[in-house]
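# Residue-level structural notes
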Amino acid sequence: MAEAAAPERQLKRALSAFDLTCIGIGAIIGAGIFALAGTAAAGEQIEASIWKTPVLNFIISHLTHAELVFGRPGAGPAVMLSFVVAAIACGFAALCYAELASMIPVSGSAYTYSYATLGEIIAWVIGWDLILEYAVGNMAVAVGWSGYFVKLCGSLFNLKFPLWLVNDDTTATAIISQGGDGLANYSSTTLPIIAGHTIAVNLPAFFVVAAVTVLLIYGIRESARTNTIIVIIKVAVVVFVIAFGAFMVHPTNWQPFLPNGVGGMMSGAAIVFFAFIGFDAVSTTAEETINPQRDMPIGIIASLIICTVLYVLMAGVITGVRTYTTYLGDSAAVATAFAGRPWAQALISAGALAGLTSVLLVFQLGQPRIFMAMARDGLLPEYFAKIHRRFRTPYITTIWTGIAVGIVAMLTDIGSLADLTNIGTLFAFMLVCLGVIVLRRKDADRPRPFRVPLVPLFPLLGVFLCIVLMLSLPLETWGRFFVWLAIGLSIYFLYSVRHSKLRRGIDVGPTEDIPPPIIKT
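Below, the structure is looked at part by part. (Residues numbered from 1 in each chain as written. Predicted model: local features only at pLDDT ≥ 70, side-chain atom pairs only at ≥ 80, totals over all residues. Heavy atoms only, no water.)

### A word on helix H6 (residues 120–157)
Over its 38 residues, H6 extends 53 Å from the first C-alpha to the last, a length consistent with the 56 Å expected when each residue adds 1.5 Å. Roughly 30° is the biggest bend found in H6, and it falls at Asn138. Looking one or two places after H6, you find Asn158, whose phi comes out positive at around 55°. (Helix = DSSP H or I, 4+ residues; strand = E, 2+ residues; numbered from the N terminus. Expected span 1.5 Å × (residues − 1). Bend = angle between axes of the 7 residues up to and from the residue.)

### Focus on the pattern of salt bridges
Overall, the coordinates contain five salt bridges when judged by the stated rule. The closest approach of N and O atoms between Lys501 and Glu382, which form a salt bridge, is 3.6 Å. Placement of Lys501 in helix H18 (residues 501–504) and of Glu382 in the loop between helix H13 (342–376) and helix H14 (395–411) is noted, with a sequence separation of 119 residues between them. With a relative accessible area of 39%, Glu382 lands in the partly exposed category. Close ionic contact of Arg480 with Glu476 constitutes a salt bridge, the shortest N to O distance being 3.8 Å. Residue Arg480 and its partner Glu476 are located together in helix H17 (residues 475–499), separated by four residues, close to a single helical turn. (Salt bridge = Lys/Arg side-chain N within 4 Å of Asp/Glu carboxyl O. Buried < 20%, exposed > 50% of the residue type's maximum accessible area, 1.4 Å probe, protein only.)

### A closer look at the packing of H6 against helix H8 (residues 203–218)
Between H6 and H8, whose axes approach to 8 Å, the crossing angle comes to 115°. For the element pair H6 / H8, the angle class is roughly perpendicular. The hand of the H6/H8 crossing is right-handed. Of the residues in H8, those touching H6 at Ala142, Val143, Trp145, Ser146 and Phe149 are Pro204, Ala205, Val208 and Val209. By residue class, the composition of the contact of H6 with H8 is eight nonpolar, one polar and no charged. (Axes fitted to C-alpha atoms, helices over the stretch in contact; angles between N-to-C directions. Parallel < 35°, antiparallel > 145°, perpendicular 65-115°, else oblique. Left-handed = near helix turned anticlockwise from the far one by under 90°. Contact = heavy atoms within 4.5 Å. Nonpolar A, V, L, I, M, F, W, Y, C, P; charged D, E, K, R; others polar.)

### Thoughts on the nonpolar core
In a soluble, globular protein the nonpolar side chains are often hidden away together inside. Among the nonpolar cores identified, the biggest contains 144 residues, and Ile29, Phe34, Phe83, Tyr111, Phe276 and Phe279 are the most heavily contacted of them. With eight residues, the next largest nonpolar core counts Leu163, Ala172, Tyr186 and Ala200 among its residues. (Core = buried A, V, L, I, M, F, W, Y, C linked by side-chain atoms within 4.5 Å.)

### A few points about the side chain of Ser496
With respect to the element layout, Ser496 can be found in helix H17. On the accessibility criterion, Ser496 (0% relative accessible area) is buried. Discounting residues that sit within four places of it in the chain, Ser496 has contacts with Trp124, Gly378, Leu379 and Ile491.

### Remarks on the packing of aromatic side chains
A full pass over the atoms with the stated rule returns 19 aromatic pairs. Arranged with centres 5.9 Å apart and planes meeting at 70°, the rings of Phe206 and Phe207 form a pair that is edge-to-face. Centre to centre, the rings of Tyr383 and Phe384 are 5.3 Å apart; their planes meet at 70°, and the pair counts as edge-to-face. A relative accessible area of 23% places Phe384 in the partly exposed class. (Phe/Tyr/Trp six-rings, centres within 6.5 Å; stacked < 30°, edge-to-face > 60°.)

### Notes on H14
Its 17 residues place the ends of H14 24 Å apart at the C-alpha level, agreeing with the 24 Å of an ideal helix rising 1.5 Å per residue. Every buried residue belonging to H14 is among Ile396, Thr397, Thr398, Thr401, Gly402, Val405, Gly406, Ala409 and Met410, and all of these are buried. Each element contacted by the buried residues of H14 is listed here: H6, H8 and H13.

### Notes on the side chain of Glu99
Summarising the element assignment, Glu99 is placed in helix H4 (residues 79–103). The exposure class of Glu99 is buried, given its relative accessible area of 1%. A polar side-chain atom of Glu99 sits 2.9 Å from a polar atom in the side chain of Arg440. Other than its neighbours up to four places away in sequence, Glu99 contacts Val436, Arg440, Arg448, Phe450, Arg451 and Val452. (Polar contact = N/O pair within 3.5 Å; in protein donor to acceptor, adjacent residues only side chain to side chain.)

Interpretation note: all reported values are geometric properties and have no functional meaning in isolation.
Take a look at the structure:
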């Protein structure tokens with residue numbers, strides 16, 4: 001806190017509790033509800049591959065002596081409960097985030113909290129995992145934004161783009177091989193060839209990341225205002241879907257409610273968990289909040305409650321309007337639910353585009369501040385901790401994050417990395433819950449503007465639910481996660497250990513007991 005208070009490192013404090021709540025909603029409502037609700041309801045009936053099977057399926061098969069179920073069973077109409085389970089897991093984590101954010105109002109989110117409670121190496125692991133949540137997750141969101149943008153241009157203005165300018169090479173090749181009506185959506189389906197290789201780039205994905213990056217460098221207040229406007233638009237669209245769709249619901253479509261039992265519901269929860277990640281992005285803006293001790297808990301918890309209510313109602317509508325099996329392999333279930341009503345589909349597509357834009361904005365806001373916090377501690381080069389003299393934003397890390405996300409989104413089909421995002425985030429949430437228990441014992445007398453009730457019960461419940469959701473992810477996701485951790489630990493031991501300020505005994509402030517001053521604007 002003293003280090004963050006140094007004049008050359010101070011960020012502009014301009015955010016209120018309302019701004020933080022809107023930032024939370026902006027991060028939460030996006031790709032998850034618009035793209036994953038249908039997949040969670042219908043399941044993924046894939047080839048009989050052990051690697052594609054959730055770990056929880058193995059455990060259930062062993063305990064019940066039943067035949068192993070390959071792939072992911074669908075939650076059916078119980079996807080409504082899947083959202084509730086995921087929300088409860090996030091709720092326990094949110095309470096822990098709120099306590100730590102009110103005690104340690106410094107940028108860095110779970111990384112900073114773990115650094116102060118569980119030690120440097122655990123903090124590094126969490127910081128490394130948060131890259132999965134923000135940067136890798138944003139790559140997928142940028143590609144999704146591009147898809148909705150192209151569809152909206154076609155439906156509203158009859159504007160078509162060449163196939164090779166709005167898709168990566170893998171996706172473009174797959175579209176050509178499939179043929180059919182899909183090719184009619186593009187002005188040209190010929191891929192240019194350079195040195196014997198076909199070329200395709202997703203330019204809309206790159207340009208939207210570039211635009212968001214420029215906005216975030218310009219200022220936190222302007223970014224928050226833009227986000228608030230977008231949030232109002234997409235929440236209005238979600239409310240429209242719920243209100244309009246309620247008159248189209250056929251209760252018979254909700255039968256059977258649990259077609260694949262508890263295992264199907266938990267598998268659905270592991271998928272739709274992606275729809276909730278991002279509420280912790282609120283905590284990355286602690287140094288830019290006017291009154292962080294009071295406003296951070298309000299922003300985190302209020303955004304989570306609002307989104308949960310909207311999610312459950314929306315899931316009830318889409319499974320009530322059409323049979324859940326309709327959404328098998330459908331990445332735009334909300335639009336499909338209103339098939340036959342073009343005006344409604346256009347409105348929903350516009351809402352999805354707004355939703356994805358705000359997710360891009362908030363995730364691009366969070367990732368650079370985590371890098372900045374890690375650089376302050378010497379775990380990354382000091383170069384990444386620089387603050388812009390005029391705009392008071394971490395412009396170096398914002399630029400590099402924008403470049404990395406934009407280039408990868410332009411060239412790559414992200415695919416199953418949503419699962420990798422989920423497991424990294426769940427692991428970070430689990431360690432935050434443990435951090436509250438540890439800090440209650442290590443420093444019981446420190447003032448806590450917000451306190452998690454029933455400690456250690458609530459944090460332990462958060463840990464348990466995070467583990468259950470992690471076990472509901474496929475085996476191959478666990479393999480990729482361990483590879484990711486191995487890469488991160490290699491960087492830590494090769495660079496961070498030798499440059500760590502904590503290990504070198506460098507004092508970066510007068511005392512940690514002096515809180516940073518409030519900067520009025």
